[in-house]
Amino acid sequence: METNNKLQQKKQKWFLLLISSLVFSTLLILVTISSSSSSSPAHFVYSHRYGKKKHIHREVPNFVESKLPKLPTLTSPIPRLAYLISGSAGDGASLKRSLKALYHPRNQYVLHLDLEATAEERLELASWVRGEKLFQEVGNVKVTVRSNLVTYRGPTMVSNTLHAAAILLRDGGDWDWFINLSASDYPLVTQDDLLFTLSTIERNLNFIEHTSDIGWKEYQRAKPVIIDPGLYSLQKSDVFWVSEKRSVPSQYKLFTGSAWMMLSRPFVEYCLWGWDNLPRIVLMYYANFLSSPEGYFHTVICNAKEFRNTTVNHDLHFISWDNPPKQHPHFLTVDDYPRMLDSNAPFARKFSKNDPVLDKIDSEILGRSADGFVPGGWFGKEGNISLTTPSHMIANTTDLKPGPGAERLKNLISSLLSAEDFDKSHCI
């Protein structure tokens, strides 16, 4: 009898422990569900009265892109520029001349002769750079080892531009703006003029001519689908069309403009890193777009919230076009010289090889001797007007001697930035 009572008491004790554990576990689960629900970023909380919603609250989720730090601009008093100067078969001499007219030891330069140029021509360019004592001492001129096949009307020109930008970001040290030029471009100001003027403006600005009014380009460029053989072939040939057409994108808005631009370092980094994937998506789209250099960067910058208000609607070039414009502009001659100066632009295109107008620009604007560098704060002729190269290593590259070109360029940039509708004219 006593044994039965003890067993009964044991059973009651275990039963009470079991009930207590179940109650505690249930309470713990309820508390966990309640706390996780209230802290869930995308959770909707409803209060009901008579079956109707009384209050709705939603917390915005924190995506990883929103936590990325904004890319800083550099703070040196005098900016640094990064140039891509590109050419094709037979452009070696023009490319060398343009480089010397554009050279400054503060800047960085990438030279590119595409695969249409012979291997001998590309090797000769690399040998010339290695043999130029100044370039070796300063170390700021690079020749692309792996040349690209570039078709102007296809995406290979965009690919080549991104290639050069990647080289400059990896090996070019600190710089503030990226400028893409061809061997048929030429400066209308000295680098001292340009650096002096740019030192007075914000370094997040992007000089890129653009518009969303694509007009006839919608039917002749956006909707047709093209293939650029330069993406897979070693032989240069024109793009070709496929029979099907496509609709205009709805994920983003198309913009168009000049293929020549001056882009800020933060925007160039964004185009290469693409942390929100927009630059890559747009690049995939423009791989089949006719004349993609006239739309890729424009569409990216104007659809990127972080950069769309940094645009200045100008390509910093004097270019003489037909009306309406054809695929290529006129070749400039001495007859165009007054209009070049009146434009206040720092660059002009398109020039024939060794056209007499280039000699006129050298002598009257740049003060450059044949086959020489442009004098400036870093390089004075020291009483010898025939001197073409500095006789000693440059000590101070921030010593600038701006001339009349700085005043012309200041007038252009001031007119652009002080325009009444400047703040309202970004990406329209």
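Read on for a plain summary of the structure. Throughout, a residue's number is its position along its own chain's written sequence, starting from 1. Whole-chain, interface and lining totals are the exception, using all residues; otherwise, since this is a predicted model, local features are given only for residues with pLDDT of at least 70 and side-chain atom pairs are given and counted only at 80 or more. Water and hydrogen atoms were dropped before computing side-chain values, which therefore reflect all heavy atoms in the structure.

Note on conventions: DSSP H or I runs of at least 4 residues are helices, E runs of at least 2 residues are strands, and numbering of each starts at the N terminus. Counting secondary structure elements, the protein chain contains 14 helices and 16 strands. Residue exposure (1.4 Å probe, protein chains only): buried if accessible area is under 20% of the type maximum, exposed if over 50%, otherwise partly exposed. The 428 residues of the protein chain split such that 48% are buried. Two residues qualify as a contact provided that any one of their heavy atoms is within 4.5 Å of a heavy atom in the partner residue. The contacts in the protein chain between residues at least 6 apart in sequence include a share of 75% that link residues at least 24 apart. Each accessible area is a Shrake-Rupley estimate made with a 1.4 Å probe; only the visible protein chains count as cover when residues are assessed. Split by element, the accessible area of the protein chain, about 22,800 Å² in all, is 56% carbon and sulfur.

Okay, helix 10 (residues 278-286) next. Burial in helix 10 covers these residues: Leu-278, Pro-279, Val-282, Tyr-285 and Tyr-286. The arc that holds the buried residues of helix 10, viewed along the axis, is 125 degrees, so those residues lie on one side. The arc in question is the one spanned by the directions pointing from the helix axis to the C-beta atoms.

Okay, the packing of aromatic side chains next. Between the rings of Phe, Tyr and Trp (Trp by its six-membered ring), a pair exists once the centres lie within 6.5 Å; its type follows the angle of the planes, with under 30 degrees stacked, over 60 edge-to-face, and the other angles tilted. Overall, the coordinates contain 22 aromatic pairs when judged by the stated rule. Ring geometry for Tyr-83 and Tyr-109: centres 5.3 Å apart, planes at 0 degrees, overall stacked. Here Tyr-83 is found in strand 3 (residues 81-87), whereas its partner Tyr-109 is found in strand 4 (residues 108-113), with 26 residues between them in sequence. When its relative accessible area of 0% is taken as the criterion, Tyr-83 is described as buried. Seen in terms of ring centroids, Phe-373 and Trp-378 are 6.0 Å apart; in terms of plane orientation they differ by 80 degrees. Their pairing is edge-to-face. Judged by relative accessible area, which is 7%, Trp-378 ranks as buried.

With that settled, the discussion passes to the nonpolar core. Considering soluble globular proteins, one finds that nonpolar side chains tend to be buried as a cluster. The biggest cluster of nonpolar side chains holds 42 residues, and the ones touching the most others in it are Tyr-83 and Phe-207. Counting residues per element, the ones that place at least two in this core are strand 3, helix 3 (92-102), strand 4, helix 4 (119-131), helix 5 (133-138), strand 6 (177-182), helix 7 (191-198) and helix 14 (404-417). Tallying contributions element by element places helix 14 first for this core, with four residues. To form a nonpolar core, buried Ala, Val, Leu, Ile, Met, Phe, Trp, Tyr and Cys residues must be joined to one another through side-chain atoms within 4.5 Å.

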